[in-house]
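Structural overview
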Amino acid sequence: WTCCKKSLLLWSVFPTSIWAIVEVQRMLQCIRAYCFQGPSATMASVKSGLTTIGAVAIGLDSKVGDFLEDIMQLLLGDPLGSGPFLAEPSSDQVSGDARVRYLACESLFNVAKVANEELLPYLDRIFDGLSRLAGDVVPDVRHAAQVLDRLLKDITSHHQDKLNVGSFVDELAKRMKFKNPMIRQLCLGWTSLVLSMENVDLESFIPRFLEGIFEVMETHDHSRDSRQNADTLLDKCLEKVKNLERPKARRIIFQTAQRLAQSCKNQDKVIRLCSLCWLYEYVKLTPNFAGAACAASSSASSAFALRETDEGEAMAWHNGWSQRLPDVMDGVFDCIGDKETEVSQMAVDLNNSLLELSGSLGDGLPVTELVTKLRNRLRPPEGRQLGQPAAAATGSEDPTGLVVVQVACLQWICLLLADSPQQMLQKETMKELFMPIFENLMHPHDQVVIASLRVMAQIMEAHPVEELTIEDFFQDRCVDTFTAPRAPGPVDLFTKIVERLLLVFSSEREMLESRGRLMIRQLCGHLDPRRLYVTVARAIQQEPNKDFAQKLVQTFNWILLTAAETRQLREELLEESQSHPQLLQLASLPNSTSGTGAKEVKPLFLELLEPWFHNPASALALCLWSQQYDLASELTARFASFDPTLEFLQQLDQLVMLIESPIFSRLRLRLLEPRQHPSLLKCLLGLAMLLPQAGAFQALTERMQLVQSSLLLEAREAAPKSGDWWGQDKRTLELKALLETFDKISHA
């Protein structure tokens, strides 16, 4: 102490003299030798030395910078060993005493007060010791560290240009991985300070901060403050990114997008939500991204929808998203079916934005990587394989979350088929995707089935860059649907897929009854309904199972006559009856070919008629709609020879209800013209005679009573002298041929 007093006294009197400077240096050497090193160093001497250092710094005042290196070596240590401020509290060194740790903070506080910005070059090493003391078990030590922390932050905020931010951020990022909540609070506070500095290279630091902040949030300690502060800091980081110039923002976005996508898989819902929000903002930051307007742009210009004045920058955005899109999409799929409503809704919004953004990438989409991710997500319902009977399936239905994921995957496949057909319609790509899509037709949820049918329709109507066959899709499976011989010549992919779908209906009768109408309506909405019905009709002609053929005709006929998706077909049938008065006469003619060898297009009615004979009630309904009343009346006459089974009577009952529906209002109006349509009256009277006196009979009888008896009598000439009451002698040769075909099929 005498040496110190003497040195400080000389310094105060002669501050600029060499003698005074030498005395101060000698004094610091004495402190090192007697207080911190050598055999004389004890716990008491260390405490005295720390107190002395603080006093010396205050005494030196503004000139402390001349001796700051020596002072900091005393407190922080040198390459040979750590000083009292940096020593581990749990070690055997003198800093194991809580009082020493407290005095080390106090001494450094005094040094910092006088050294001010000159202390900043040592900040990274000071922060190393400060982070240890912030988590100290002794409250007084923690309080001293907090006081020192506030002073250092104040100095740093006022002298930002003096700080070596790079080395300090390295130390900050390293300490942020510590589990102690007090240390984390310290790190978050300093991170916030660094972000608020001007002229800081955010492009380099934000990705590193983001990693540390998410690590803080991922650890489930019991400190709400840490999570709250981390969340606030994330918002601050995001605002910084949004306010940056586009090139800098782009580099940050593509450095952190993969890390955010990984965080979407985290067990913590807050982390998942934060990651989704960041990624959503990233999409919005993409130049010229305008939501749905971007998706509506034409394919010719969509490849450069991300256009700016600098095309190189636009291409950098384009390439960046192309590389990150598979991982981001996969991360979104982990959240899109989340049980937390807020998370799932955010994921749905982000998925929609990604779909719109992908539409602007055009042919730049990473199809191979996306297909791999999608293939891993698509799978048939648990315990259920294609063609397996429904009763044999095991396991419960898929949870709602998985349903949403499946639908989202199918949406992405639709996008890829529309925007990158050249790559998607490669044989290998189709082999990888087709079976998972087809197997999803067995999914217990209608949403997945509808989405699968939409994708299936795109494939069926596409023009593959390579020749595709059904064998390419159904490897090691039965690919022939119908055993009856076909006409010679190649069968297109459209026909093969339709027949394969009918095979599924054949093995899954419950599926046909419960979901068949939904599936057929969806296909009609996405495909050319005429082509679909003609293909199905020709397949039914070759179907050896008569019961199944009858059920198919009943289902397709109901959709034909009632669904909005088949309105075009109904109108075509009516136009045919008006433009071809001799429509039935065409049925007896052989199929003719044009000069080029291509078959002429047959009227739709004739394409459907013979296959529809497999279900007599459906054939009668088709004839009534197509205004072929002569054939309808003759079919009704033949119904008397059928066994009046419950199923057949139910079909007739449904037919009467259909006639009473608004769709058949045109037919009912023709009852006002009995002279022109006598066969229609015969048909309806015949139905009334065949039906038991129940609800359908009463409805039909009341309808027929509206026609005056006198008009009914005048509608026909005198009854024939011979033959049955239907007037067989008036049949035309064409009608007779069709009726023979009907008899052959219906009595088979």
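The model shown is predicted, which means the values in this text are computed figures rather than measured ones.

What to know about the overall build of the protein chain
In terms of helices and strands, the protein chain carries 38 helices and two strands. Burial analysis of the protein chain (748 residues in total) assigns 51% to the buried set. Put simply, 73% of the contacts in the protein chain that link residues at least 6 apart link residues at least 24 apart. A total accessible area of about 34,900 Å² is found for the protein chain, and carbon and sulfur atoms account for 50% of it.

Quick word on unusual backbone geometry
A positive phi angle is found at Asn 116, which is not glycine, with a value near 55°. Here Asn 116 lies in the loop between α5 (98-115) and α6 (123-134). The partly exposed category is assigned to Asn 116, whose relative accessible area is 29%. Within the chain, Gln 627 stands out as a residue other than glycine whose phi angle is a positive 65°. With respect to the helices, strands and loops of the structure, Gln 627 is situated in the loop between α31 (616-625) and α32 (629-638).

Some remarks on the environment of Phe 494
Considering the arrangement of structural elements, one finds Phe 494 in helix α24 (residues 493-507). Given a relative accessible area of 2%, Phe 494 falls into the buried group. A sequence separation of 32 residues divides Phe 494 from Ala 462, and the C-alpha atoms of the two residues are 9.4 Å apart. Discounting residues that sit within four places of it in the chain, Phe 494 has contacts with Met 460, Leu 527, Arg 531, Leu 532 and Thr 535.

Remarks on α31
Most of α31 sits inside the fold, with ten of its ten residues counted as buried. Regarding α31, the residues found buried are Pro 616, Ala 617, Ser 618, Ala 619, Leu 620, Ala 621, Leu 622, Cys 623, Leu 624 and Trp 625. Just downstream of α31 lies Gln 627, where phi reads positive at about 65°.

What to know about the packing of aromatic side chains
Within the structure shown, the criterion is met by 16 aromatic pairs. Here the aromatic rings of Phe 254 and Trp 317 are separated by 5.7 Å at their centres, their planes lie at 70°, and the arrangement is edge-to-face. Within this pair, whereas Phe 254 is found in helix α12 (residues 246-263), its partner Trp 317 is found in helix α16 (residues 311-336), the two being separated by 63 residues in sequence. Overall, the relative accessible area of 8% leaves Phe 254 in the buried class. Aromatic side chains Trp 625 and Phe 664 sit 5.4 Å apart centroid to centroid with 75° between the ring planes, which places their arrangement in the edge-to-face category. Remark: Phe 664 occurs in the loop between α33 (646-659) and α34 (665-669) and Trp 625 occurs in helix α31; sequence separation between them is 39 residues.

Thoughts on the nonpolar core
One broad trend across soluble globular proteins is that nonpolar side chains are buried collectively. Counting 227 residues, the largest nonpolar core has Phe 85, Val 111, Trp 190, Ile 413, Tyr 533 and Leu 624 as the members making the most contacts within it. Among the elements that take part in this core, helix α19 (residues 400-419) stands out by supplying twelve residues, more than any other. The residues contacting Trp 190, other than those within four sequence positions of it, are Leu 123, Phe 127, Leu 130, Asp 149, Leu 152, Lys 153, Thr 156, Phe 168 and Leu 172.

Here's the deal with the pattern of salt bridges
Counting across every chain of the model gives 27 salt bridges. The partner of Arg 175 in a salt bridge is Glu 171, with the nearest N and O atoms 3.2 Å apart. Taken together, the residues Arg 175 and Glu 171, both in helix α8 (residues 165-175) and four residues apart, mark about one turn of the helix. With a shortest N-O distance of 2.8 Å, Glu 313 and Arg 250 are connected by a salt bridge. With Glu 313 in helix α16 and Arg 250 in helix α12, this residue pair connects regions lying 63 residues apart in the sequence. Accessibility expressed as a relative area gives 13% for Arg 250, which makes it buried.

Looking at helix α4 (residues 68-76)
When α4 is considered as a whole, its buried residues turn out to be Leu 68, Ile 71, Met 72, Leu 74, Leu 75 and Leu 76. Remark: Gly 77 follows α4 within two positions and exhibits a positive phi of approximately 95°.

Let's talk about the confidence of the model for the protein chain
Low-confidence regions, as indicated by low pLDDT, have predicted coordinates that should not be scrutinised in detail. Averaged over every residue, the pLDDT of the protein chain is 79; the share at 70 or more is 78%. Under a pLDDT of 50 for its full length, residues 291-309 has, in the predicted model, 36 contacts with residues more than four places off or in other chains. Of the regions scoring below 50 in pLDDT, residues 715-730 engages in 17 contacts with residues more than four places distant in sequence or in other chains.

Observations regarding the environment of Leu 130
Turning to its location among the elements, Leu 130 is positioned in helix α6. According to the relative accessible area criterion, Leu 130 is buried, its value standing at 1%. Residues Leu 130 and Asp 149, 19 residues apart in the sequence, show an inter-C-alpha distance of 7.4 Å. Beyond its immediate sequence surroundings of up to four residues, Leu 130 is in contact with Phe 85, Ala 145, Leu 148, Asp 149, Leu 152, Leu 186 and Trp 190.

Observations regarding the environment of His 747
With respect to the secondary-structure elements, His 747 resides in the segment after α38 (733-746). Spatially, the C-alpha atom of His 747 lies 9.6 Å from that of Ser 641, the residues being 106 residues apart in sequence. Residues in contact with His 747, not counting those within four places in the same chain, are Ser 641 and Phe 642.

Section: the side chain of Arg 668
Structurally, the position occupied by Arg 668 is in helix α34. At 5.0 Å, Glu 660 is the nearest oppositely charged side chain to Arg 668, a buried residue that forms no salt bridge. Those residues in contact with Arg 668, other than ones at most four positions away along the chain, are Ile 659, Glu 660, Ser 661, Pro 662 and Arg 703.

Overview of the packing of α31 against α33
Two quantities define a packed helix pair, namely the angle between the axes and the distance from one axis to the other. Across the interface, α31 lies against α33 with an axial gap of 9 Å and an inter-helix angle of 20°. Judged by the angle between their axes, α31 and α33 are roughly parallel. In the packing of α31 onto α33, the handedness of the crossing is right-handed. Counted together, Pro 616, Ala 617, Leu 620, Ala 621 and Leu 624 of α31 and Phe 648, Gln 651, Leu 652, Leu 655 and Ile 659 of α33 form the full contact between these two elements. For the contact of α31 with α33, the per-class residue count stands at nine nonpolar, one polar and no charged.

Quick notes on the packing of α4 against α5
Closest axis-to-axis distance for the α4/α5 pair is 11 Å, and the angle between their directions is 160°. Between α4 and α5, the crossing angle belongs to the class labelled roughly antiparallel. The handedness of the crossing between α4 and α5 is left-handed. Taking contact as the criterion, the partners of Leu 68, Ile 71, Met 72 and Leu 75 in α4 are, on α5, Ser 107, Leu 108, Val 111 and Ala 115. Its residues placed into classes, the contact of α4 with α5 shows seven nonpolar, one polar and no charged.

Parameters and conventions
Residues numbered from 1 in each chain as written. Predicted model: local features only at pLDDT ≥ 70, side-chain atom pairs only at ≥ 80, totals over all residues. Heavy atoms only, no water. Helix = DSSP H or I, 4+ residues; strand = E, 2+ residues; numbered from the N terminus. Buried < 20%, exposed > 50% of the residue type's maximum accessible area, 1.4 Å probe, protein only. Contact = heavy atoms within 4.5 Å. Areas by Shrake-Rupley, 256 points an atom, 1.4 Å probe, with all protein chains shown as cover. Phe/Tyr/Trp six-rings, centres within 6.5 Å; stacked < 30°, edge-to-face > 60°. Core = buried A, V, L, I, M, F, W, Y, C linked by side-chain atoms within 4.5 Å. Salt bridge = Lys/Arg side-chain N within 4 Å of Asp/Glu carboxyl O. pLDDT = per-residue confidence, 0-100. Lys, Arg positive; Asp, Glu negative; His and termini not counted. Axes fitted to C-alpha atoms, helices over the stretch in contact; angles between N-to-C directions. Parallel < 35°, antiparallel > 145°, perpendicular 65-115°, else oblique. Left-handed = near helix turned anticlockwise from the far one by under 90°. Nonpolar A, V, L, I, M, F, W, Y, C, P; charged D, E, K, R; others polar.

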